Amino acid sequence: MSKDSDVHIDTLLQHTATAAFDSQTGSAPVNLPSMRASTVRFKNLDALETVQRRKAGGQRAATYGRMGMDTHAALEQVFCELEGGTHAYLASSGLAGITMVMTSLLSAGDHALVADCVYGPVYELDEALLKRMNIELTYFSAGDDLESLVRPNTRLVYVESPGSLLFQMLDLPALSGFARRHGLVLACDNTWGSGYIYRPLALGAQVSVVAGTKYVGGHSDLMLGAVVTNDAAIAQRLNRTQYAMGYSVSADDAWLALRGVRTLPIRMAQHARHALQVCEFLSTRPEVARIYHPAWPADPGHALWQRDCTGSNGMLAVQLRMTPQASRRFVDALRLFGIGFSWGGFESLVQWVTRGELARHQYWTGADDALVRLHIGLEDPRDLIADLKQALEAAA
Ligand SMILES: *Cc1c(COP(=O)(O)O)cnc(C)c1O
């Protein structure tokens, strides 16, 4: 799969997953087509059994459409290149990628330590499924004494860095040291970094899970997840669970992700640049109590961001000195920011974060202030700033 390469990832992303030349004509389209298939047919039984043997030996070989065809194989390779992994497994959404991690690495009676800043639906996965399977999670925050939380049946440390909603930077190398001392697997949700500006495997995690729905796809038109590892034993467990659970991705969605990822470098750079311009504007406003964005120098995670990240993106959260009613007026008054979940597409979005969601995060100390999360899209930042300004005035 992925091999150490001496070209920059920006170059690799333009020269990977292209179509092979036709042996007769010596020509090929640049792009690999979307290879839709349920059934794969074989010339004879020998051919079938040869493919099955390769598959049993751990190689990628398609015997049936559910396991994915060439389009999927190409996308798996892209995720390996992005994350610096040796094996990638696709799922139909980012959340399905997370459930693949949990169900591959945890069994009945096991315990896992989970950062309290993880993606909200992980709490739902815990309540709806893991508890029923007799798997117990303990939520921790960055300041907690982890040594005292480890039990004899602890198997996994599951984190997200920077965290959801407040973009809290975690010290991944320190967490990796802790996990290794106790023989635990460290897995990290890397949707924020998407393998491009943050690489958990290089920082000591063994598993990185990414919602390709966000920056990899980049156009708000597909759902996709990927689980990447550089550990052969973990790869085997993911492989078996992915197969047994029937995780499957449409070839068209894999194709859209391949199409989207070509422009990941330029999109990410523009999101990041414009988000900082928005931070600069927000920092001049009396309504703004605090900005959560690790690339912003006043963010408490800035030093870790400088040490561990190679860039930033369009995500930030704004703590507003406003009543809930005023903050709702602010959100409703925005014209260029769509009210909606998700992020990583071309467009700007706003999410009005509820008290219930914030209560899970020990990192939140905003008391009665309001919090809105913004995704800074690819629009001209002057227009976005003018929109934010008029909405702040409308809220007053
Ligand atoms: C959106 C998101 C996910 C889930 O991805 P879906 O494709 O929407 O299921 C997981 N983790 C993080 C951090 C996310 O923002």
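What counts, and at which threshold
- Throughout this document, residue positions are counted from 1 along each chain, in the order its sequence is written.
- Residues qualify for local features only when their pLDDT is at least 70, as the model is predicted, and side-chain atom pairs are given and counted only at 80 or more; totals for whole chains, interfaces and linings, by contrast, use all residues.
- Computation of side-chain values covers all heavy atoms of the structure but excludes hydrogens and water.
- Counting from the N terminus, the helices are DSSP H or I runs at least four residues long and the strands are E runs at least two residues long.
- Note on contacts: a residue pair qualifies if any of its non-hydrogen atoms lie within 4.5 Å across the two residues.
- Criterion for a disulfide: a pair of cysteine sulfur atoms at a distance within 2.5 Å.
- The term salt bridge refers to a side-chain nitrogen of Lys or Arg lying within 4 Å of a carboxyl oxygen of Asp or Glu.
- When accessible area is computed with a 1.4 Å probe and restricted to protein chains, residues below 20% of their type maximum are described as buried, those above 50% as exposed, and intermediate ones as partly exposed.
- Here a strand pair is declared whenever DSSP counts at least two bridges between the two strands.
- The directions from the helix axis to the C-beta atoms are what the arc is built from.

Section: the environment of Met 223
Position of Met 223 among the secondary structure elements: in the loop between β6 (207–211) and β7 (225–229). Taking C-alpha positions, Met 223 is 26 Å from Arg 273, a pair spaced 50 residues apart along the chain. In contact with Met 223, not counting residues within four places along its chain, are Ser 92, Ser 93, Thr 213 and Asp 253.

Some points on the state of the cysteines
This model, assessed by the stated rule, comprises zero disulfides. The structure places no disulfide on Cys 80, whose sulfur is separated from the nearest cysteine sulfur, that of Cys 188, by 17 Å. In this structure Cys 117 is a free cysteine whose sulfur lies 9.0 Å from that of Cys 188, the closest cysteine sulfur available.

Focus: the pattern of salt bridges
Tallying each qualifying case throughout the model produces 13 salt bridges. Linked through salt bridges whose partners overlap, the residues forming this network are Arg 285, Glu 287, Lys 389 and Glu 393.

What about the pairing of strand β1 (residues 87–91)?
Summarising burial for β1: four of the five residues are buried, a large majority. In the sheet, β1 pairs with β7 via five bridges, with the strands oriented antiparallel. Across the sheet, residue His 87 finds its bridge partner in β7, namely Thr 229.

Looking at the environment of Val 114
Here Val 114 is to be found in strand β2 (residues 111–115). Residues Val 114 and Ser 312, spaced 198 residues apart in sequence, show a C-alpha to C-alpha distance of 24 Å. Setting aside residues up to four positions removed in sequence, Val 114 forms contacts with Leu 137, Thr 138, Tyr 139, Phe 140 and Tyr 158.

Overview of helix α6 (residues 172–181)
Listed as buried for α6 are Leu 172, Leu 175, Ser 176, Phe 178 and Ala 179. Looking straight down α6, one finds its buried side chains confined to an arc of 160°; they lie on one side. Opposite its buried face, α6 presents the exposed residues Arg 180 and Arg 181, each directed more than 90 degrees away. On its buried side, α6 packs onto β2, β3 (136–140), β4 (154–160) and β5 (185–189). Gly 183 lies just past α6 and shows a positive phi near 65°.

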